[in-house]
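Here is how the chains run, residue by residue.
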Amino acid sequence: MPIFKIKHITNYKYETPVRDSANQVILFPIKDDYQKVVKHDLNISGSPEIEIFIDYYGNEVGTFTQNEPHTQLKIFSKVCVETSPKPLPQDDMFGNEQWNRLDALKYEVPYIDYLRQEVFEGIAQLKETALSIKQDEDTPYQTAIKYSAHVFNNFEYIKGVTAVDTTIDEILKLEAGVCQDFAHVLTAMLRLTGIPSRYVSGYICPNRDGMRGEGATHAWAEAYLPEYGWLGLDPTNNCIANENHVRLAVGRNFADCSPVKGVYKGGFEHIMEVNVSVGYNDEDLNDNETYFKPTEVNYSKPSATVTNVRKQNSYQQYMEAIQQQQQQQQ
Amino acid sequence: MLSRVASSLYWLSRYVERSDGMLRMLKINYASSQDTIQEFTWKPIIRIFSADDENELLNIQHDSRAVIEYLLLNRENPNSILNIITLARENARSVQEHIPKDLWQCLNEYYHTVKDEKLLWYVQKDDPITALDLLIKQVMLYHGTADSAMERGESRSFMKIGKHLERSIQSVDILDVKFSSVSTNPDLLTDIAYWKHLLLSLGGYELYLKTYRQGFDAKNIIELVMLNNDFPRSALYSMNNIERYFNRLKSESNIEHYNSLSFKIGRLKSMITYSSVSSMEEESLHNYLTEMRSELFGIGNMLNEYYFANS
Amino acid sequence: MIENFIQNYLNHPKTYDEMFLDSENYRNHYSNFIKNFSKESLENLNKKEELAKKLFMSQGITFTVYDSGEGIEKIFPFDIIPRIITSSEWLFIEKGIKQRLKALNLFLKDVYSNQFILKDKIVPINVIYSCPHFLREMYNVNVLHDIYIHIAGIDLIRDHDGTFYVLEDNLRTPSGVSYMLENREITKRLFPDLIPQCGVRSVTEYPAILYKNLMALSPRAVSNPTIVLLSPGMYNSAYYEHTTLARLMGVELVEGRDLVVKNQKVYMKTTIGLQQVDVIYRRVDDDYIDPLVFNPNSVLGVAGLMGAYRKGNVAIVNAVGNGVADDKAVYTYVPDMIKYYLNEEPILKNVPTYQLSNPDELKFVFENINTMVIKKTNGSGGYGMLMGHAASEQETEEYKLEILKDPRNFIAQPTISLSSAPCFINGKLAPRRIDLRPFALNGPDGISIVPGGLTRVALKEGSLVVNSSQGGGSKDTWVLTS
């Protein structure tokens with residue numbers, strides 16, 4: 001039964017003071033038979049009141065505001081999680097029978113949400129690809145494994161070519177991306193074949209060989225299998241996501257699970273640093289800096305409220321946006 | 001009152017006041033340009049009323065019509081009458097339910113007058129004074145309507161503060177520009193036309209003649225523009241009004257903010273009241289005016305922070 | 001004399017005219033009006049029309065049309081001849097709308113909590129789960145008094161035999177009520193004494209009822225709760241309406257940037273500091289209302305508002321997520337909802353509607369496209385419609401391709417002829433097509449509908465589209481006491 005000590009730091013730094021920020025965090029590990037939270041400390045600069053609620057997908061979501069002017073927002077989550085492996089599917093039911101069972105779930109909550117794929121340009125083509133990979137006699141389990149391998153083999157893992165709002169069409173064209181993009185493609189393939197599929201955000205807690213997705217939050221997919229339930233599939237590492245994957249949230253896509261997001265007023269540019277480190281020993285949760293892996297920092301520009309066109313100043317952009325949106329409202 | 005509403009009223013009033021000052025300056029300067037044998041320069045005006053592109057503008061400094069057109073009607077010039085009146089009207093529009101209908105119609109008409117194509121024709125081809133007079137009349141209508149129709153409350157106080165803040169900044173700017181020319185060209189000190197022109201621009205010529213009998217003298221001019229409480233464009237007069245209308249905003253719920261801004265206003269007022277022309281000149285007039293301008297901006301910034309919620 | 005004005009008043013064939021039974025006889029309930037109206041000279045009537053225009057313009061009762069960046073202020077055309085509704089017709093409409101609203105409100109409560117109606121397969125689950133306005137963020141959110149629809153505008157039309165049909169339900173941010181109020185004020189000026197003589201019921205109570213309902217929603221038990229009207233701002237085409245309603249109710253008109261959320265409470269920024277807000281009557285769409293939860297690029301909303309709402313610290317009117325009930329694909333099931341929740345027969349009929357996501361219905365509609373009106377399920381304002389009988393072959397073909405991309409986004413209805421009413425056009429009375437949008441207010445004390453509404457007119461001859469964006473105008477709407 002592995003016990004992981006995870007430190008997750010999200011640090012926003014603003015060029016000039018910002019205020020009236022409203023934020024949302026989904027950083028509370030899911031609690032179920034395979035995942036126990038031993039301890040969780042969530043520290044946020046300025047010590048705002050955190051309001052927690054359960055969202056539609058069953059995730060714990062925290063919200064808080066920071067109204068006083070500030071130049072930094074640091075969210076420090078320390079968790080100690082004990083995981084246990086979920087036995088793999090027996091997969092001893094006839095394939096046909098399994099597919100029929102999935103078909104019967106089509107109009108059931110929650111599966112309906114995890115079967116419906118938003119329309120995108122290349123949807124027909126991706127469906128064709130997916131169906132060509134699947135053999136007639138394949139069970140949903142076998143199909144899911146094949147799809148995960150397909151994504152792993154056909155997409156290159158490159159950081160920085162995609163962003164949080166990259167569409168599936170763009171990923172398919174690039175044939176590259178990071179864990180989030182891999183997970184989006186896999187969920188789409190599964191859904192188009194009739195297997196309910198969820199997007200999962202969380203942490204990967206690698207063995208000492210190192211794996212893709214460290215240093216930041218990780219993402220993968222889950223497929224729903226009859227008589228089994230949800231099976232985690234990590235297309236970024238081509239493996240079953242099991243006791244080495246700590247789940248934070250599930251949803252239809254990244255937008256439902258975004259670990260940290262916020263909106264603020266003022267300022268112009270900001271940078272966000274994310275740092276996730278995983279340790280196995282008790283002292284790893286102490287504040288001394290002996291992390292298991294050398295830290296890796298992700299610089300990315302979150303999409304909220306910052307636009308890149310610098311021809312106008314931000315006030316002018318803001319006023320123009322106001323005017324445009326006011327006109328759009330019916 | 002909503003911060004945004006207060007802010008809009010304040011800016012609406014500042015913009016109209018700015019247009020008022022500009023129009024008068026343009027009119028007097030244009031008249032002077034018709035009255036001189038030497039080449040007339042618009043350089044001081046350009047320096048007061050346009051923040052950027054100064055170099056480019058200096059190319060047209062001898063072309064009166066071009067300068068007037070630029071300052072009046074140029075869409076690219078953020079400080080043109082066209083643009084600031086558009087802003088004044090937008091501000092008014094967003095607070096329509098807080099101002100009398102008459103005042104809104106007044107601004108609306110001002111705006112339509114600026115946008116009238118006839119205006120450009122006067123400036124380019126005919127008598128530019130006609131164009132300026134048409135606009136000056138609109139400002140006067142605005143002032144009259146505001147005085148008679150605006151309810152006597154918080155709204156009006158913010159408008160008055162905006163108006164007098166804008167006005168004192170203008171007076172300080174004009175004085176500074178005019179006297180800095182003197183420091184590079186001492187001959188101007190005895191140039192009667194130069195001083196007369198300055199006083200006319202500020203609308204203080206007649207009062208000056210009545211007050212000072214011994215002709216034009218730099219000291220007296222400074223005294224009038226800074227310290228004469230009967231002169232409605234003097235710095236002291238404006239400060240008295242800022243103080244008066246600010247006092248009316250006193251409220252227990254934001255007493256800390258009120259006190260710190262009240263202190264700042266009081267300090268600036270004392271600085272002016274207890275100055276004499278000789279003390280101003282001692283530390284150099286330019287430094288004195290620079291400090292005063294930064295204090296005035298400071299008042300604007302504090303209003304912005306404490307009363308307008310930075311919006 | 002009236003005869004002078006109605007020469008050649010051509011009745012559209014197979015159309016119900018509100019005033020005329022046939023080319024010679026008018027309906028009884030117009031007789032008082034006609035008696036007075038026929039005393040007027042043509043010259044006088046022209047003057048009245050002029051006066052009406054002038055009154056609208058000088059009071060700034062305008063909407064703004066944006067054309068190449070420049071805003072042009074226009075008046076919403078007003079026809080001086082009132083549309084008259086009998087008291088028995090009104091009783092029927094009132095009863096029907098109340099019933100419909102009750103069911104729709106129960107539906108919203110259900111769909112965001114137990115989903116009984118989906119489990120019982122009365123409304124197909126995929127219709128709901130594919131609806132972009134079904135907001136999962138609203139699931140299990142407690143809404144005060146379980147009222148989701150506080151304000152509704154139900155669009156009614158009449159077929160050739162005079163039967164009323166519901167054309168659509170507007171349950172999000174229905175607009176037009178200021179025109180109902182202003183049209184009446186203008187009529188009072190145009191025809192002095194006529195309104196009391198004809199026994200017309202008053203509509204002036206509307207702002208008072210709305211205000212009373214808003215007060216009752218305050219989550220804080222204070223004697224003087226803060227109520228605000230949240231407007232997108234002055235560039236919005238309905239800004240005039242927002243200022244009018246704020247003024248008539250004496251509530252503060254705010255924009256998103258005036259509000260801020262602090263620890264799950266909403267405040268407005270005033271010159272003397274933050275003031276807590278209790279009730280928000282918003283005229284901003286769901287998608288724009290909270291950039292933290294919905295459209296992150298929105299600058300019209302308030303970041304964190306949904307948190308305060310979820311916590312019950314602020315009331316939002318109408319509730320967030322109502323769009324799932326007035327989606328045009330969901331509309332089809334409203335009669336079933338009435339039977340399901342109320343165990344009653346629907347009083348007001350629905351226009352037959354074909355779901356294009358159903359392949360059989362799609363095929364039928366494509367085969368009969370010339371007799372159909374096709375609409376986007378999430379569209380409004382008359383934009384993006386195809387009028388089958390009027391469209392060119394090319395337009396039809398292009399529209400078909402658009403439908404095939406995602407048929408869920410479209411529905412089709414047979415073209416309904418709409419009733420006509422006389423309008424004063426070029427010195428003559430001429431028939432024009434009309435509809436009716438009564439405004440219903442739903443509060444803790446029940447549903448009330450002020451007797452009247454907005455009658456919209458398709459001013460273009462022969463047109464069946466009454467939307468203001470498509471050249472429509474409006475009329476004063478009279479409901480008689482007896």
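What you are looking at is a predicted structure, and each value in this text was computed from that prediction instead of being measured.

Rules used throughout
- Residues numbered from 1 in each chain as written.
- Chains lettered and ligands numbered in written order.
- Predicted model: local features only at pLDDT ≥ 70, side-chain atom pairs only at ≥ 80, totals over all residues.
- Heavy atoms only, no water.
- Disulfide = S-S within 2.5 Å.
- Contact = heavy atoms within 4.5 Å.
- Buried area = accessible area lost by both parts, 1.4 Å probe.
- Salt bridge = Lys/Arg side-chain N within 4 Å of Asp/Glu carboxyl O.
- Buried < 20%, exposed > 50% of the residue type's maximum accessible area, 1.4 Å probe, protein only.
- Helix = DSSP H or I, 4+ residues; strand = E, 2+ residues; numbered from the N terminus.
- Pairing = 2+ DSSP bridges.
- Polar contact = N/O pair within 3.5 Å; in protein donor to acceptor, adjacent residues only side chain to side chain.
- Domains from an automatic or database assignment.
- Core = buried A, V, L, I, M, F, W, Y, C linked by side-chain atoms within 4.5 Å.
- Phe/Tyr/Trp six-rings, centres within 6.5 Å; stacked < 30°, edge-to-face > 60°.
- Lys NZ or Arg CZ within 6 Å of the ring centre and 35° of its normal.
- Axes fitted to C-alpha atoms, helices over the stretch in contact; angles between N-to-C directions.
- Nonpolar A, V, L, I, M, F, W, Y, C, P; charged D, E, K, R; others polar.

A look at the state of the cysteines
Counted under the stated rule, the structure contains zero disulfides over all chains. With no disulfide of its own, cysteine 257 of chain A lies 12 Å from the sulfur of cysteine 179 of chain A, the closest cysteine sulfur.

Quick word on the interface of chain C and chain B
Listed as interface residues are 20 residues of chain C and, on the opposing side, 22 residues of chain B. For the pair chain C and chain B, the summed buried surface comes to about 1800 Å²; carbon and sulfur atoms form 45% of the total. Looking only at chain C, the three residues that lose the most surface to chain B are Met234, Thr271 and Ile272 of chain C, adding up to 35% of its buried area. Along the contact surface separating chain C from chain B lie two salt bridges.

Section: the pairing of strand E15 (residues 372–376) of chain C
Residues and elements named next belong to chain C. Of all five residues in E15, four are buried; the element is thus mostly enclosed. Note that E15 and strand E17 (residues 410–414) share five bridges and pair antiparallel. If you follow lysine 376 over to E17, its bridge partner there is phenylalanine 410. Of the strand pairs in this sheet, E15 and strand E16 (residues 386–387) are connected by two bridges, and their pairing is antiparallel. Looking at the pairing, isoleucine 374 lines up with leucine 386 of E16.

Some points on the interface of chain C and chain A
If you look at the interface, chain C gives 41 residues, while chain A gives 38 residues. Of the roughly 3700 Å² buried between chain C and chain A on both sides combined, carbon and sulfur atoms contribute 52%. It is Arg136, Tyr235 and Leu292 of chain C that lose the most area in chain C upon contact with chain A, and together they represent 18% of the buried surface on that side. Connecting chain C to chain A are seven residue pairs in polar contact (both at pLDDT 80 or more). Put simply, the parts of the chain that give the side of chain C that touches chain A at least two residues each are helix H6 (125–129) and strand E8 (259–262) of chain C. Per-element tally for the side of chain C that touches chain A: the top contributor is E8 of chain C, with four residues.

A closer look at the pairing of strand E23 (residues 472–479) of chain C
Residue and element names in this part refer to chain C. Where burial is concerned, most of E23 is hidden: eight out of the eight residues are buried. In this structure, strand E3 (residues 78–85) lies alongside E23, joined through five bridges in parallel fashion. Each bridged residue has a counterpart across the sheet, and for isoleucine 85 the counterpart in E23 is valine 479. Where strand E22 (residues 455–458) and E23 come together, four bridges link them in antiparallel fashion. Opposite alanine 458, over in E23, you have glycine 472 as the bridge partner.

Observations concerning the domain arrangement of chain B
All names here are of chain B. The assigned domain composition of chain B is domain 1 (1–150) and domain 2 (152–311). Taken together, the contact pairs 30 residues of domain 1 with 29 residues of domain 2. At the boundary of domain 1 with domain 2, total buried surface from both sides reaches about 2600 Å², with 59% on carbon and sulfur atoms. When the area that domain 1 buries against domain 2 is broken down by residue, the three leading residues are Tyr10, Glu17 and Met150, summing to 24%. Connecting domain 1 to domain 2 are five salt bridges. Note that arginine 14 is salt-bridged to glutamate 166, the shortest N-O span being 2.8 Å. Between domain 1 and domain 2 we count 13 residue pairs in polar contact (both at pLDDT 80 or more) in total. At 18 residues, the largest contribution of residues to the side of domain 1 that touches domain 2 is made by helix H1 (residues 3–33).

Focus: the nonpolar core
If you look at the biggest cluster of nonpolar residues, it comprises 230 residues, and the most contacted ones within it are Leu72, Met226 and Met292 of chain B together with Ile128 and Met138 of chain C. The element contributing the most residues to this core is H1 of chain B, with twelve residues. Excluding residues that lie within four positions of it along the chain, leucine 72 of chain B makes contacts with Leu23, Leu26, Ser80, Ile81, Leu82, Val123, Leu132 and Leu135 of chain B. Membership of the second largest hydrophobic core comes to 58 residues, among which are Ile186, Cys198, Leu229 and Met249 of chain C.

Thoughts on the packing of aromatic side chains
Evaluated as defined, the whole model comprises 36 aromatic pairs over all chains. Seen in terms of ring centroids, tyrosine 14 of chain A and tyrosine 264 of chain A are 4.8 Å apart; in terms of plane orientation they differ by 65°. Their pairing is edge-to-face. Note that tyrosine 14 of chain A is positioned in strand E1 (residues 3–25) and tyrosine 264 of chain A in strand E13 (residues 260–266), a separation of 250 residues in sequence. For the residue pair tyrosine 14 of chain A and tyrosine 264 of chain A, the accessibility class agrees, reading buried in each case. Members of the aromatic cluster, joined through ring pairs, are Tyr10, Trp11, Tyr15, Phe158, Phe246, Tyr258, Tyr307 and Phe308 of chain B. For lysine 78 of chain A, the ring lying beneath its charged end belongs to phenylalanine 76 of chain A, and the centroid distance is 5.7 Å.

Some words on the pattern of salt bridges
Residue and element names in this part refer to chain A. The full count for this structure, using the stated rule, is 52 salt bridges over all chains. With its nearest N and O atoms 3.2 Å apart, the salt bridge here joins lysine 13 to glutamate 273. With lysine 13 in strand E1 and glutamate 273 in strand E14 (residues 270–279), this residue pair connects regions lying 260 residues apart in the sequence. Under the relative-accessibility criterion, lysine 13 is labelled partly exposed at 34%.

What about the environment of leucine 55 of chain C?
Residues and elements named next belong to chain C. Inspection of the secondary structure puts leucine 55 in helix H3 (residues 42–58). Sequence-wise, leucine 55 and glutamate 185 are 130 residues apart; in three dimensions their C-alpha atoms are separated by 9.9 Å. If we ignore the near neighbours within four places in the chain, the residues touching leucine 55 are Ile186 and Arg189.

Some remarks on the sheet that holds E15 of chain C
All names here are of chain C. Strand order in this open sheet of four strands is E14-E17-E15-E16, and the pairing throughout is antiparallel. In this open sheet, the two edge strands, each paired with only one partner strand, are strand E14 (354–355) and E16. In the packing of helix H17 (residues 393–405) onto the sheet, the strands contacted are E15, E16 and E17, and the crossing angle to E15 comes to about 45°.

Observations concerning the domain arrangement of chain A
Residues and elements named next belong to chain A. Taken as a whole, chain A is organised into domain 1 (3–83 + 257–326) and domain 2 (95–253). Summing both partners gives a buried area of about 2500 Å² for domain 1 against domain 2, and 56% of it is carried by carbon and sulfur. Close ionic contact of arginine 247 with aspartate 32 constitutes a salt bridge, the shortest N to O distance being 2.8 Å. At the junction of domain 1 and domain 2, the tally comes to seven residue pairs in polar contact (both at pLDDT 80 or more). Here the side of domain 1 that touches domain 2 takes four residues from E14, the largest share from any one element. Here the side of domain 1 that touches domain 2 is composed, by residue class, of 18 nonpolar, seven polar and three charged.

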